[in-house]
Amino acid sequence: MKPEFFDRLFNYFSWGCSILLVGAVLTIVGFLIANGYQSLNLHLIFDDTRPLDAIFLKSQVFDGLFPAIAGTLFLITLSIIVAIPLGLATGIFLAEYCPPKIKGSFSLLFDILAGIPSIVVGLFGFCVTIFLHHYFYTRLFPCLLISALSLAFLVLPYIIRTTQISLETLPLSVRLTAPSLGATKLQNIFYVLLPSSLSGILSGIILSIGRCAEDTAVIMLTGAVATAGIPKSVFSSFEALPFYIYYISSQYSDNSELMKGYGACLILLFICISLFVFAHWIKKRLSQKILYRP
């Protein structure tokens, strides 16, 4: 057979896989929209509380999704704040400072950590909470802080590996330009290598944001409850949309409650899309500002 035949066959196969993937995503999103759009209203989010009173914490929302939305945003923010410095520092160490003899072992370890099921991470966080409660601080219970630390541990491998790979794949000409002009290794990393690899690093952070927003197993074991309200501190229990969706879909009593679950799915999907768009905007602005600064 002619090589052109295999090229055409592979082209058709690639198109077929792409269409299948896009079709699957559109089917899922369309199913959620078809079942949940009717329940999307202010009453679903704020119940009978005035929106401004709920937002400024003047009144508590008892039967709406506002506490779960707020808890989800708090959880994502705290997790990313913890994970980004540790992930970037470890990725830089592996790419620039780690001896070659042990770099392979560390890389394999982080690849294994990336494949650990989230339920295992959640159980580990729960066990750590019990240990700290018994031996160090008896007032510590599953809370927002424990959930955020567990999620940060869950997404750390993604940030570490994307940072490491983004730095290691830079061209040699980029790596040697600053040192040849007298820059130190640290100056070369912060003024040349990191800005040049910013796109890949931020892609890993964006993936981590999505993982923090959707993971149910971790938060279910480490602090999320059904009716906690707005968390007053990082040591408080909290509500979160992934847990609410799991709870309502497994224990709904009538069709109206199930419709609330579909509405919560759409709100969580909207939050994830908004975070991704915001992260891509920051990525674009930082890339332009750092790489093309005068």
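Please read these numbers as outputs of a predicted model, since none were measured by experiment.

K.L.:
Talk me through the overall build of the protein chain; I want residue IDs and the actual numbers.
P.N.:
When helices and strands are tallied, the protein chain shows 13 helices and 0 strands. C-alpha atoms of the protein chain, sized along the principal axes, occupy 65 × 65 × 40 Å. Residues counted as buried form 39% of the 294 residues belonging to the protein chain. Nonlocal contacts in the protein chain, meaning residues at least 24 apart in sequence, comprise 73% of its contacts between residues at least 6 apart. In the structure as shown, the protein chain presents an accessible area of about 17,400 Å², 71% of it carried by carbon and sulfur atoms. Of the charged side chains in the protein chain, 18 are positive and 14 negative, and the gap between their average positions amounts to 15 Å.

K.L.:
Tell me what's going on with the environment of F136, and back it up with residues and numbers.
P.N.:
Within the fold, F136 resides in the loop between α6 (118-135) and α7 (144-168). The exposure class assigned to F136 is exposed, which follows from its relative accessible area of 63%. F136 sits 18 residues away from S118 along the chain, and the two C-alpha atoms are 26 Å apart.

K.L.:
Quick rundown of the pattern of salt bridges? Include the residues and the values.
P.N.:
Tallied over the entire structure, the rule returns 7 salt bridges. The salt bridge involving E96 is made with R175; its shortest N-O contact spans 2.9 Å. Linking E96 in helix α4 (residues 66-97) with R175 in helix α8 (residues 172-180), this pair joins segments that are 79 residues apart in sequence. On the basis of relative accessibility, which here comes to 18%, the residue R175 falls in the buried class. When the shortest N-O distance is used, the salt bridge between K103 and E168 registers 3.3 Å.

K.L.:
Please set out the packing of α4 against α7 residue by residue, giving values where relevant.
P.N.:
Interhelical geometry of α4 versus α7 gives an angle of 35° and a closest axis separation of 6 Å. Note on packing geometry: the crossing formed by α4 with α7 is right-handed.

K.L.:
Requested: an account of the confidence of the model for the protein chain, with residues and values cited.
P.N.:
In the predicted model, the protein chain carries a mean pLDDT of 85, and 96% of its residues have values of at least 70. Within the protein chain, helix α13 (residues 255-291) has the poorest average pLDDT of any element, 80, and α4 the best, 91.

K.L.:
So what about empty space enclosed by the protein? Which residues, and what values?
P.N.:
Scanning the entire structure with this criterion turns up 1 cavity of 30 Å³ or more. The computed volume of the largest cavity comes to approximately 40 Å³. If you trace the largest cavity, you find it lined by V225, A226, E239, A240, F243, Y244 and Y247. When grouped by side-chain class, the residues that make up the lining of the largest cavity number 6 nonpolar, no polar and 1 charged.

K.L.:
Please give an account of helix α10 (residues 198-214) that cites residues and values.
P.N.:
For α10, with 17 residues, the first-to-last C-alpha span of 25 Å sits near the 24 Å given by 1.5 Å per residue. When we look at burial in α10, the residues that qualify are L198, I201, L202, G204, I205, I206, S208, I209, G210, R211, C212 and A213.

K.L.:
Let's hear about the nonpolar core: which residues, and what values?
P.N.:
The biggest cluster of nonpolar side chains holds 63 residues, and the ones touching the most others in it are L65, I219, L241 and I267. Mapped by element, the contributors of at least two residues to this core are α2 (42-46), α4, α7, α9 (185-196), α10, α11 (217-222), α12 (241-251) and α13. At 11 residues, α13 tops the list of elements feeding residues into this core. Ignoring any residue separated from it by four or fewer positions in sequence, one finds L241 in contact with L65, A68, I69, T72, A264, I267, L268 and I271.

K.L.:
For the packing of aromatic side chains, give the residues involved together with the corresponding values.
P.N.:
The description of an aromatic ring pair uses the distance of the two centres, along with the angle that the planes make with each other. The tally for this structure, following the rule as stated, stands at 8 aromatic pairs. Where F243 meets Y247, the ring centres are 6.3 Å apart and the plane angle is 25°; that geometry is what we call stacked. Separated by 4 residues within a single helix, F243 and Y247 lie in helix α12, roughly one turn from each other. Taking relative accessible area as the criterion, F243 reaches 11% and is therefore assigned buried. Judged by relative accessible area, Y247 falls into the partly exposed class, the value being 34%. Three or more aromatic residues link up through ring pairs in this structure, and these residues are F131, Y135 and F136.

K.L.:
Tell me about α7, and name the residues and values.
P.N.:
When the terminal C-alpha atoms of α7 are compared, their 36 Å separation across 25 residues agrees well with the 36 Å that a helix rising 1.5 Å per residue should span. Considering bend angle alone, the principal kink of α7 is centred on V155 and spans about 40°; proline P157 follows within four residues of it. Of all 25 residues in α7, 18 are buried, a share of seventy percent or more.

K.L.:
Please provide a residue-by-residue account of the side chain of S147, values included.
P.N.:
With respect to the helices, strands and loops of the structure, S147 is situated in helix α7. We classify S147 as buried; its relative accessible area is 0%. At 2.7 Å, the side chain of S147 forms a polar contact with the side chain of T222. The contact partners of S147, leaving out residues within four places of it in the chain, are L75, V218, I219, T222, G223 and F238.

The rules behind these values
Residues numbered from 1 in each chain as written. Predicted model: local features only at pLDDT ≥ 70, side-chain atom pairs only at ≥ 80, totals over all residues. Heavy atoms only, no water. Helix = DSSP H or I, 4+ residues; strand = E, 2+ residues; numbered from the N terminus. Buried < 20%, exposed > 50% of the residue type's maximum accessible area, 1.4 Å probe, protein only. Contact = heavy atoms within 4.5 Å. Areas by Shrake-Rupley, 256 points an atom, 1.4 Å probe, with all protein chains shown as cover. Lys, Arg positive; Asp, Glu negative; His and termini not counted. Charge placed at Lys NZ, Arg CZ, Asp CG, Glu CD. Salt bridge = Lys/Arg side-chain N within 4 Å of Asp/Glu carboxyl O. Axes fitted to C-alpha atoms, helices over the stretch in contact; angles between N-to-C directions. Left-handed = near helix turned anticlockwise from the far one by under 90°. pLDDT = per-residue confidence, 0-100. 1 Å grid on protein atoms, 1.4 Å probe; cavity = no way out; pocket = protein on both sides within 12 Å on 5 of 7 lines; lining within 4 Å. Points joined across faces, edges and corners; volume = space filled by probe spheres on them. Nonpolar A, V, L, I, M, F, W, Y, C, P; charged D, E, K, R; others polar. Expected span 1.5 Å × (residues − 1). Core = buried A, V, L, I, M, F, W, Y, C linked by side-chain atoms within 4.5 Å. Phe/Tyr/Trp six-rings, centres within 6.5 Å; stacked < 30°, edge-to-face > 60°. Bend = angle between axes of the 7 residues up to and from the residue. Polar contact = N/O pair within 3.5 Å; in protein donor to acceptor, adjacent residues only side chain to side chain.

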